[in-house]
Amino acid sequence: MLELILTNLRRRKARTAATALGIALGVATIVALLSIGSGIKRTAGELVHLGQADLGVFQSGVTDPTASLLPLSLGARLEARPDVAEATPLLLVIEGVRQDPAAVVFGARPEGFFARRLVAVQGTSRLGGRSVAVGDRLARELRLKPGGTLTVKRRRFTVAGIYHTGVYFEDTGAVMDLVAAQRLTDRRGEATTFAVQLATGAHHAAAVKAIRRALPGLQIIGTADDAERAGANGELVRNTVSIVATLALILGGLGVTNTMAMAVLERRRELALLNALGWRRGRVALLVLAEGVITSIGGAAVGLLLGTLGAGWLAQGLGVSAVVTPHVTMATIGQAVLIGGAVGVLGGLYPAWRGTSISGAELLAAGT
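Cut-offs used in this document
- Residues numbered from 1 in each chain as written.
- Predicted model: local features only at pLDDT ≥ 70, side-chain atom pairs only at ≥ 80, totals over all residues.
- Heavy atoms only, no water.
- Core = buried A, V, L, I, M, F, W, Y, C linked by side-chain atoms within 4.5 Å.
- Buried < 20%, exposed > 50% of the residue type's maximum accessible area, 1.4 Å probe, protein only.
- Helix = DSSP H or I, 4+ residues; strand = E, 2+ residues; numbered from the N terminus.
- Salt bridge = Lys/Arg side-chain N within 4 Å of Asp/Glu carboxyl O.
- Arc of directions from axis to C-beta.
- Contact = heavy atoms within 4.5 Å.
- Polar contact = N/O pair within 3.5 Å; in protein donor to acceptor, adjacent residues only side chain to side chain.

This part takes up the nonpolar core. In this structure, Val105, Val132, Val134, Leu150, Val152, Val159 and Met176 are the most contacted members of the largest nonpolar core, which totals 21 residues. Residue assignment for this core shows that the elements contributing at least two residues are strand 3 (84-94), strand 6 (131-135), helix 5 (136-142), strand 7 (149-152), strand 8 (155-164), strand 9 (174-177) and helix 7 (178-185). Element by element, the count of residues in this core is highest for helix 7, at four residues.

Take a look at the structure:
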């Protein structure tokens, strides 16, 4: 059976390749979008726990939390609350390191818990002046060591040390003094977010609700789901994935249907011969259906490769490359294969029925 299927597909190389390519392009787009969505979710979860904080406070109404702007005076109001132990301001410098668009430079107060929790693996993580501490992942990529220089927004800073936190978003970035970051971005007296450490015994959900009520106009992000919903980019990716997946199923299914229907018409005599040799209708239908599924799975495999390679370009097109690194998961691979198989089944149903709906005698008559 398998040898017959492969022989039939090889006989129509151009048509099979065109069908597989169409499916590959649809699957590639889906894979790229899903990997970006996974990257956004990972980034969103880490936005909540910058400095291993309990929650993050951002400006309400912004399309992207990283574009938030808050006055430094907000910190005193937060720390005056009984459910807050400490609130430290952070200024995110997006695309500050041009060598790596996904690297974020954090402006932080040296005395805040965000800076205190940086674990120096080389040199020192103390902040101040024209020095910067670099995450170990970014340091490896850029081959930086203490005493070297890192260019941020076209200005050179001395690398004081290399740190590790275990938070991907931080370890692929760098940290400088908050005042230096404000001067660099012309944001004096402002911060992007406040990382908040709750007081001992404070209930997380209750504290989030209480802060929201007490400080209207703020966006309190306490969970990864909150952060994912807060950004318009995440919603854009989810909606686009749904649209593209639907179009891939429809257009890919039509492509498989057309290819296999034409194959059935061209092979009526062959199918009649199989019928005359004792093949049951179900087996003939399985033959036609399997050809469509194999074509689709092959297209999906190519699409998976293209989607993985093209995810970075798509992230740039969607405007999320500054803070998101596409992340291909096993779930993404599974969905790509599932979509490929679904396209093959849906597209092969009609040709399979068509190939078995005429009697053997009629097929032989049509083939003579």
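Where side chains of opposite charge bring their charged atoms close, a pairing between them can arise. Evaluated as defined, the whole model comprises four salt bridges. Across the pair Asp83 and Arg81 runs a salt bridge whose closest N-O atoms are separated by 3.0 Å. The two residues Asp83 and Arg81 agree in class, both being buried. Among the salt bridges present, the one from Arg187 reaches Glu190, with a minimum N-O distance of 3.9 Å. Here Arg187 falls in the partly exposed class, since its relative accessible area comes to 35%.

With that out of the way, let us pick up unusual backbone geometry. One non-glycine residue, Lys153, adopts positive backbone phi at about 55°. In the Ramachandran plot, Asp186 falls in the positive-phi region, its phi being about 55° despite a non-glycine side chain. Tracing the backbone through its elements, the reader meets Asp186 in the loop between helix 7 and strand 10 (190-191). When its relative accessible area of 58% is taken as the criterion, Asp186 is described as exposed.

Glancing now at helix 8 (residues 204-214). Those residues of helix 8 lying buried are Ala207, Val208, Ala210 and Ile211. Angular distribution of buried residues about the axis of helix 8 spans 165°; they occupy a single face of the element. For helix 8, the exposed residues set more than 90 degrees away from the buried face come down to Lys209 and Arg213. The inward-facing, buried residues of helix 8 abut strand 1 (55-59), helix 3 (74-79), strand 3, strand 11 (193-198) and strand 12 (218-221).

Following the sequence through the fold, Gln182 ends up in helix 7. Excluding residues within four positions of it along the chain, Gln182 makes contact with Leu72, Leu91, Arg187, Arg188, Gly189 and Glu190.

Right, let's talk about the side chain of Asp171 for a bit. Residue placement: Asp171 occurs in helix 6 (residues 168-171). Of note is the side chain of Asp171, whose polar atom sits 2.8 Å from the backbone nitrogen of Thr165. Setting aside anything within four residues of it in sequence, one finds Asp171 in contact with Gly135, Asp136, Arg137, Leu138, Tyr163, His164, Thr165 and Gly166.

Another aspect to go through is helix 7. All of the buried residues in helix 7 are Leu178, Ala180, Ala181, Gln182 and Leu184. Lining the buried residues of helix 7 we find strand 3, strand 4 (104-108), strand 7, strand 8, strand 9 and strand 10. With a side-chain oxygen positioned 3.0 Å from the backbone nitrogen of Val179, the residue opening helix 7 is Asp177.

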